[in-house]
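# Understanding the architecture of this molecule
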Amino acid sequence: MAGPEPEQAAVPLYLRVAAALRSDLDDRQISPGSRLPSERSLAHRYHVNRQTVRSALQLLREERLVVTDRRGTFVAGPEHGPRVPALTSRRHSFPGGTDAADALVRASLSWEAPPTATAGRLALVPGEPTLVHRHVVLSPGGTPLQRSVSWFSRTALAEIPQLARYRRGGGTVGQPDLRLLYHWMHQAGLRLTRRESIAVPPASAAGVGDGAARLVVHRVVRDQHGHALEITDIDFAAHGAAWTYEFSG
């Protein structure tokens, strides 16, 4: 694989390898049912290590472009089901999930100072700005069904290159793609612990929906050293939105 252009330098290697393989599949350079070269061969071809190749192949498996069994990895055929749009994941663990570009979803990234109590938990001094992700799910009529806000810590921005690159932008990023956030954390060598508190707020409390049943979720994601990486608060109308809890270490 040729060396990256300067503007591509921030793109993780496994995504570049996946893109190269995806291009070969789209161009039919590798036909359905054919076996892909071994991980060692692919690592040599793209000048990366085998773990990078494994991560790229895992992404292609999630997109249903390839399948793996005890014999190796093969190009998926029609019998394996329709393709999933590139870079999606079936694990909707981070607010936004695979629907971040949907017409009824609004998401943004910006740099803001978190509340004082939250700042300390993120290893920030009061008034210090950090990356914040806001996500809103709307009903067909435009009523908010779910709102979430996620604050990222100094540790997260230092350890996760895909988040750190937003530091250079400085302003708001429209409809950001953080679908692979927890995958990025694992790629950075972080072992995650997620703690979520779920509560029913008072009926009089302001929030989403039309005053009917609501739930609020408070999530804290920490690394293996106990450092907070992300703090997220989610408020959703229980009658109009679903909350699926999925844990991965």
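The structure this text deals with has already been given above.
Cut-offs applied
- Residues numbered from 1 in each chain as written.
- Predicted model: local features only at pLDDT ≥ 70, side-chain atom pairs only at ≥ 80, totals over all residues.
- Heavy atoms only, no water.
- Helix = DSSP H or I, 4+ residues; strand = E, 2+ residues; numbered from the N terminus.
- Buried < 20%, exposed > 50% of the residue type's maximum accessible area, 1.4 Å probe, protein only.
- Contact = heavy atoms within 4.5 Å.
- Areas by Shrake-Rupley, 256 points an atom, 1.4 Å probe, with all protein chains shown as cover.
- Core = buried A, V, L, I, M, F, W, Y, C linked by side-chain atoms within 4.5 Å.
- Expected span 1.5 Å × (residues − 1).
- Pairing = 2+ DSSP bridges.
- Axes fitted to C-alpha atoms, helices over the stretch in contact; angles between N-to-C directions.
- Parallel < 35°, antiparallel > 145°, perpendicular 65-115°, else oblique.
- Left-handed = near helix turned anticlockwise from the far one by under 90°.
- Nonpolar A, V, L, I, M, F, W, Y, C, P; charged D, E, K, R; others polar.

### Observations regarding the overall build of the protein chain
- Along the protein chain, the regular secondary structure elements total 7 helices and 9 strands.
- Classification of the 249 residues of the protein chain by burial places 42% in the buried group.
- The contacts of the protein chain with a sequence gap of at least 6 include a subset with a gap of at least 24, amounting to 60%.
- As displayed, the protein chain offers around 13,000 Å² of accessible surface, 53% of which is attributable to carbon and sulfur atoms.

### With respect to the nonpolar core
- Counting 39 residues, the largest nonpolar core has L131, L163 and M185 as its most contacted members.
- At the level of elements, α1 (13-26), α2 (39-46), α3 (50-62), β3 (105-112), α5 (154-159) and α7 (181-187) are the ones that each hand at least two residues to this core.
- In terms of residue count, the dominant contributor to this core is α1 (6 residues).
- Those residues within four positions of L131 in sequence are excluded, and the remaining contacts are L109, S110, W111, S150, W151, F152, L157, L163 and Y166.

### Describing α1
- Taking 1.5 Å per residue as the helical rise, α1 with its 14 residues ought to reach 20 Å, and the 20 Å between its terminal C-alpha atoms agrees with that figure.
- Taken together, the buried positions of α1 are Y14, L15, R16, V17, A18, L21, R22, D24 and L25.
- In this structure, the buried residues of α1 make contact with α2, α3, β1 (66-69), β2 (72-75), α6 (161-164) and α7.
- Looking one or two places after α1, you find R28, whose phi comes out positive at around 60 degrees.

### Considering the pairing of strand β5 (residues 144-152)
- Across the 9 residues of β5, 8 count as buried, placing the element largely inside the fold.
- Here strand β4 (residues 130-138) runs beside β5; their pairing, made up of 7 bridges, is antiparallel. By the bridge assignment for β5, V136 is matched with R147.
- Here β4 hands over to β5 after 5 residues, with G142 in that stretch at a positive phi of 95 degrees.
- Note: β5 against strand β9 (residues 228-237), 7 bridges, orientation antiparallel. Along β9, the bridge assignment pairs Q146 with F236.

### Brief notes about the packing of α1 against α3
- In the contact formed by α1 and α3, the axes pass within 8 Å of each other and the chain directions differ by 55 degrees. By the angle between their axes, α1 is oblique relative to α3. At the point where α1 passes α3, the crossing takes the right-handed sense. Touching L13, Y14, L15, V17, A18, L21 and R22 of α1 are T52, S55, A56, L57, L59 and L60, all from α3.
- Classifying every residue of the contact of α1 with α3 gives 10 nonpolar, 2 polar and 1 charged.

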